[in-house]
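One-letter residues, chain by chain:
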Amino acid sequence: MKLRVLHVITMLELGGAQRNTLDTVRQLDRQRFTLGLACGLGGELYPEGASLPDTEFFPIPHLRREVRPLSDWRAFGELRSAIRAFSPHIVHTHSSKAGVLGRLSAWCEGVPIIIHSVHGFGFGPHQWLPVRAAFMAAEKLVATMTTAFIAVSRENLETGVQLGLFPRERVTVIRSGIDLRAFSQAADGQAVREELAIPPEAPVVLQVSCFKPQKAPERFVELSARLAPVLPEARFLLVGDGELRERLERLRQKWGLEQRLHFLGWRRDVPRLLRAANVVTLTSRFEGLPRVLVEARCAGVAVVAMAVDGVVEVVVDGVNGFLVPPGDVATMAEKVALLLANPELARALGEAGKQGLEEFSVERMVADQEALYLKLWGQRVGS
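Residues numbered from 1 in each chain as written. Predicted model: local features only at pLDDT ≥ 70, side-chain atom pairs only at ≥ 80, totals over all residues. Heavy atoms only, no water.

S.K.: Please give an account of the overall build of the protein that cites residues and values.
M.R.: The number of helices and strands found in the protein is 15 helices and 13 strands. Taking 2.2 N^0.38 as the reference for a compact globule, 383 residues should give roughly 21 Å; the C-alpha atoms of the protein span a radius of gyration of 21 Å, in line with that estimate. Classification of the 383 residues of the protein by burial places 56% in the buried group. In the form shown here, the protein has an accessible surface area of approximately 16,000 Å², with 52% of it arising from carbon and sulfur atoms. (Helix = DSSP H or I, 4+ residues; strand = E, 2+ residues; numbered from the N terminus. Rg over C-alpha atoms; globule rule 2.2 N^0.38 Å. Buried < 20%, exposed > 50% of the residue type's maximum accessible area, 1.4 Å probe, protein only. Areas by Shrake-Rupley, 256 points an atom, 1.4 Å probe, with all protein chains shown as cover.)

S.K.: Lay out the sheet that holds strand E8 (residues 204–208) in plain terms, naming residues and giving numbers.
M.R.: Strand order in the open sheet formed by 6 strands is E10-E9-E8-E11-E12-E13, and the pairing between neighbours is parallel. Of all the strands in the sheet, just strand E10 (261–265) and strand E13 (321–324) have a single pairing partner and so form its edges. Taken over all neighbouring pairs, the strand axes of this sheet differ in orientation by 20° on average, direction set aside. Two elements, strand E11 (residues 279–282) and strand E12 (residues 302–306), share 4 bridges in a ladder whose sense is parallel. Along E12, the bridge assignment pairs Leu 282 with Ala 305. Docked against the sheet, helix H13 (residues 329–341) engages E8, E11, E12 and E13, running at close to 175° with respect to E12. (Pairing = 2+ DSSP bridges. Axes fitted to C-alpha atoms, helices over the stretch in contact; angles between N-to-C directions. Contact = heavy atoms within 4.5 Å.)

S.K.: Tell me about the packing of aromatic side chains, and please be specific about residues and values.
M.R.: This structure, assessed with the given rule, holds 6 aromatic pairs. Considering the side-chain rings of Phe 58 and Phe 86, the 6.0 Å spacing of their centres and the 80° angle between planes classify their relative orientation as edge-to-face. Note that Phe 58 is positioned in strand E3 (residues 55–59) and Phe 86 in helix H3 (residues 69–86), a separation of 28 residues in sequence. This pair shows no difference in class: Phe 58 is buried, exactly as Phe 86 is. Geometrically, the ring pair formed by Phe 211 and Phe 263 is edge-to-face, given 5.9 Å between the ring centres and 70° between the ring planes. Placement of Phe 211 in the loop between E8 and helix H9 (217–227) and of Phe 263 in strand E10 is noted, with a sequence separation of 52 residues between them. For the residue pair Phe 211 and Phe 263, the accessibility class agrees, reading buried in each case. Over the face of the ring belonging to Phe 263 we find Arg 252, whose NZ or CZ atom lies 4.1 Å from the ring centre. One Lys or Arg, Lys 335, reaches over the ring of Phe 322 and ends 4.7 Å from the middle of that ring. (Phe/Tyr/Trp six-rings, centres within 6.5 Å; stacked < 30°, edge-to-face > 60°. Lys NZ or Arg CZ within 6 Å of the ring centre and 35° of its normal.)

S.K.: I'd like a rundown of the sheet that holds strand E5 (residues 113–118), residues and numbers included.
M.R.: Pairing is parallel in the open sheet, where 7 strands are placed in the order E3-E2-E1-E4-E5-E6-E7. On the outer flanks of this sheet lie E3 and strand E7 (171–173), each paired with one strand and no other. Neighbour-to-neighbour, the strand axes of this sheet turn through a mean angle of 20°, independent of strand direction. Both strand E4 (residues 90–94) and E5 contribute to a ladder of 5 bridges, which runs parallel. Bridge pairing in E5 links Thr 93 to His 116. In the packing of helix H1 (residues 16–27) onto the sheet, contacts are made with strand E1 (3–9), strand E2 (33–39), E3 and E4, and the angle to E1 comes to roughly 160°. Sheet strands touched by H3: E1, E2, E3 and E4. Its angle to E1, the strand with the most contacts, is close to 160°.

S.K.: Residues and numbers for the environment of Leu 338, please.
M.R.: One can find Leu 338 in helix H13. Under the relative-accessibility criterion, Leu 338 is labelled partly exposed at 34%. Those residues in contact with Leu 338 that lie beyond four places of it in its chain are Phe 322 and Leu 345.

S.K.: Please give an account of unusual backbone geometry that cites residues and values.
M.R.: A negative phi holds for most residues other than glycine; trans holds for most peptide bonds. Although it is not a glycine, Ser 95 sits at a positive phi angle of roughly 75°. Tracing the backbone through its elements, the reader meets Ser 95 in the loop between E4 and helix H4 (96–108). A relative accessible area of 16% places Ser 95 in the buried class. At Ala 197, a position not held by glycine, the phi torsion is positive, near 55°. Looking at where Ala 197 falls in the secondary structure, it is placed in the loop between helix H8 (190–195) and E8.

S.K.: Talk me through the environment of Gly 382; I want residue IDs and the actual numbers.
M.R.: Assignment of secondary structure puts Gly 382 in helix H15 (residues 362–382). Given the relative accessible area of 64%, Gly 382 is considered exposed.

S.K.: Could you give me a rundown of the nonpolar core, with the residues and numbers involved?
M.R.: Among the nonpolar cores identified, the biggest contains 37 residues, and Leu 206, Leu 237, Leu 274, Val 280, Leu 293, Val 311 and Val 314 are the most heavily contacted of them. Listed by contribution, the elements that provide at least two residues to this core are E8, strand E9 (235–239), helix H11 (270–276), E11, helix H12 (291–299) and E12. Considering every element that reaches this core, the biggest residue donor is H12, with 6 residues. Counting 32 residues, the second largest nonpolar core, distinct from the first, contains Leu 244, Leu 257, Leu 261 and Leu 340. (Core = buried A, V, L, I, M, F, W, Y, C linked by side-chain atoms within 4.5 Å.)

S.K.: Describe H13, naming the residues involved and giving the relevant values.
M.R.: Spacing of three or four residues puts side chains on the same side of an α-helix, whose turn is 3.6 residues. The end-to-end C-alpha separation of H13 is 18 Å, in line with the 18 Å expected for 13 residues at 1.5 Å each. When we look at burial in H13, the residues that qualify are Val 329, Met 332, Ala 333, Val 336, Leu 339 and Leu 340. The buried side chains of H13 occupy one side of the element, clustering within an arc of 130° when seen end-on. In H13, the exposed positions angled more than 90 degrees off the buried face are occupied by Glu 334 and Ala 341. (Expected span 1.5 Å × (residues − 1). Arc of directions from axis to C-beta.)

S.K.: Lay out the pattern of salt bridges in plain terms, naming residues and giving numbers.
M.R.: All chains considered together, the criterion is met by 26 salt bridges. Note that Arg 291 and Asp 23 form a salt bridge whose closest N and O atoms lie 3.9 Å from each other. A residue pair is termed long-range when its members are at least 10 positions apart, and Arg 291 in helix H12 and Asp 23 in helix H1 qualify at 268 residues. Its relative accessible area of 11% is what places Asp 23 among the buried residues. One salt bridge in this structure joins Lys 215 and Glu 287, with 2.6 Å as the shortest N-O distance. Taken together, the residues span a long stretch of sequence, with Lys 215 in the loop between E8 and H9 and Glu 287 in the loop between E11 and H12 at a distance of 72 residues. The exposure classification of Lys 215 matches that of Glu 287, with both residues buried. (Salt bridge = Lys/Arg side-chain N within 4 Å of Asp/Glu carboxyl O.)

Here is the structure:
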């Protein structure tokens, strides 16, 4: 018998959770599983999700990130309809909104196995306390309906246990995997430099992150402002987009960085961008497992990142990059300047980063998820 597995995610924007979900659905063994995918409308990856081969696709028109009670109620009904139409043995949810509504819908429809992947938490200290408390209460409620959890990092596992969101015995760590070959064999980045009119020898600092509070992209603008006076040839590339764009543009103008700091929007050629960079940074307030740092390691680029959550499981300070305290832009600037002034050190850290990446491969991720599905189903039918 083939197991029917329905994946549910809020939106198919460019991001780690979305890439994780699409790669999983695409590569799961069709000899063992029948696959479905449900998600809200829109997002850069939506066309890819809607056209996955051998996959039943369920658009959920009212599923959105924002908390909107009427739309959320409608999305709940749409998800229940999708579940009834697909009749899954397993519902596997991703992201906060889909995680709550998807698990509640699956429970109401009597789905035998409900799994939720934690790609970082949708709440944090940056939020207004009542909002954070409400999100945590919702997570605790649907946790009682959840058969098993997947955490992409050990830090997320420990945080969830400490917050009482799930018991340790129901959580499995499965890394968010990437296509290692795509990043290790990428073409030379010179074409990117030519496209952006960056001189061949100019130092390039790159960050890939959406423009939302979690990623704190304003810290990258501050980093650029600190480094620009002491590194007059350096260029700074910020890849992504989102709700904070206008604020970032104002900050860029305030510090006179219009010719030095490039906002590139969403790009699908991240391997080429990495090849054009001397250093990759990440300024996040919180993370699940930062795939972009795995990608940078695979490409052999030295990284400097703020030591939050799963970041510390990708970057070993002084071995394959540098870690700095969360929010400490001044120290980050010092470390980036050190690497740009010492190309041999940057190369050594980059080369070290290429080692030990097997656990972050997409093949390993898919195999581990297949094994979990089969184990849970075996326990279900054997009980």
